[in-house]
Amino acid sequence: MNLNSISRSDILLAIIAAAGARGFSRAHMLKVVFLVSEEFKGRLAEDFYEFDKYHYGPFSREVYSDAEMLNDSGCISIKYGAERRDDQYKIEEDCCLDDIQLPTELKRYIEDTADWVIDMSFAELVRVIYFLFPEYRENSRFDYDEEQALADSFARGMRQLREGKTYSTAEVLAELRK
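So, here is what we can say about the structure in this document.

Cut-offs and rules
- Residues numbered from 1 in each chain as written.
- Predicted model: local features only at pLDDT ≥ 70, side-chain atom pairs only at ≥ 80, totals over all residues.
- Heavy atoms only, no water.
- Salt bridge = Lys/Arg side-chain N within 4 Å of Asp/Glu carboxyl O.
- Helix = DSSP H or I, 4+ residues; strand = E, 2+ residues; numbered from the N terminus.
- Buried < 20%, exposed > 50% of the residue type's maximum accessible area, 1.4 Å probe, protein only.
- Axes fitted to C-alpha atoms, helices over the stretch in contact; angles between N-to-C directions.
- Parallel < 35°, antiparallel > 145°, perpendicular 65-115°, else oblique.
- Left-handed = near helix turned anticlockwise from the far one by under 90°.
- Contact = heavy atoms within 4.5 Å.
- Nonpolar A, V, L, I, M, F, W, Y, C, P; charged D, E, K, R; others polar.
- Patch = residues over 30% accessible without salt bridge, like charges linked within 9 Å, V, L, I, M, F, W, Y side chains within 5 Å.
- Areas by Shrake-Rupley, 256 points an atom, 1.4 Å probe, with all protein chains shown as cover.
- Lys, Arg positive; Asp, Glu negative; His and termini not counted.
- Charge placed at Lys NZ, Arg CZ, Asp CG, Glu CD.
- Phe/Tyr/Trp six-rings, centres within 6.5 Å; stacked < 30°, edge-to-face > 60°.
- Lys NZ or Arg CZ within 6 Å of the ring centre and 35° of its normal.

1. Describing the pattern of salt bridges
Counted by the stated rule, this structure contains eight salt bridges. One salt bridge connects Arg 22 with Asp 119, and the closest N-O pair in it is separated by 2.8 Å. Separated by 97 residues along the polypeptide, Arg 22 in the loop between helix H1 (8–18) and strand S1 (24–25) and Asp 119 in the loop between helix H4 (104–117) and helix H5 (122–132) bring together distant segments of the chain. Residue Asp 119 is classed as partly exposed on the basis of its relative accessible area, which comes to 43%. Put simply, Arg 43 and Glu 105 hold a salt bridge, and the shortest N to O gap is 3.5 Å. Residue Arg 43 is located in the loop between helix H2 (26–39) and strand S2 (52–54), and its partner Glu 105 is located in helix H4; the two are separated by 62 residues in the primary sequence. Taking relative accessible area as the criterion, Glu 105 reaches 45% and is therefore assigned partly exposed. Put simply, Arg 8, Glu 62 and Asp 66 are held in one network by salt bridges that share partners.

Here you go:
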């Protein structure tokens, strides 16, 4: 299957589904979409989301517009919080996810990335994005601290180790060689 033939709303739906019953906050959903766009840059549909450098890193209003359409169609639910950052996006049980055909590489990346970011605090999420994509610090309102970003990363690795979410050296090396 060709990645550029997959609609962006199907990819967004798969991303929201990857959060499971917990759902995603606005920021978490947006950042996963951004990471997917970066990982598969140039291979997704031409109308895939474009991101601007905004107050807290990469931003695309179209992600939220498409999420609203998915909410209106009944595929997802949006629970609106007191503030926009408190909004929660969840997949609906009766949504026909089986109709969405994603290549294994994309599906696995979405699932792994969702699992990686879902437990991050907002600050940790922004720090990791700024660490990986420093160009998105431009226009930021966030007080970025690289030492804190590294400490967050180390702490996350230790938590994952304690939870048994580890990768063998061979898996890490294989990923780095890609």
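Here the narrative resumes.
2. Some details on the packing of H2 against H4
One way to put it is that H2 packs onto H4 with a least axis distance of 10 Å and a crossing angle of 140°. Classified by the interaxial angle, the pair formed by H2 and H4 is oblique. Taken as a pair, H2 and H4 cross one another with a handedness that is right-handed. Residues His 28, Val 32, Leu 35, Val 36 and Glu 39 of H2 touch H4, and the partners they reach there are Leu 106, Tyr 109, Ile 110, Thr 113, Ala 114, Trp 116 and Val 117. Counted by class, the contact of H2 with H4 contains nine nonpolar, two polar and one charged residues.

3. Here we look at a negative patch on the surface
A surface patch of negative charge is lined by Asp 143, Asp 145, Glu 146 and Glu 147. Relative to the elements of secondary structure, Asp 145 occurs in the loop between H5 and helix H6 (146–162). Its relative accessible area of 38% is what places Asp 145 among the partly exposed residues.

4. A word on the packing of aromatic side chains
In the structure shown here, the tally under the stated rule is nine aromatic pairs. Where Tyr 54 meets Phe 59, the ring centres are 4.9 Å apart and the plane angle is 25°; that geometry is what we call stacked. Classification of Phe 59 by relative accessible area gives buried; the value is 13%. Aromatic pair Phe 59 and Tyr 64: ring centres 6.0 Å apart, planes at 45°, arrangement tilted. Using a relative accessible area of 11% as the deciding quantity, one classes Tyr 64 as buried. An aromatic cluster is present here, built from Phe 34, Phe 51, Phe 133 and Tyr 136 joined pairwise through their rings. Across the ring face of Tyr 64, the terminal group of Arg 26 is positioned such that the distance to the ring centre comes to 3.7 Å.

Shape is all these values report; function is a separate question.
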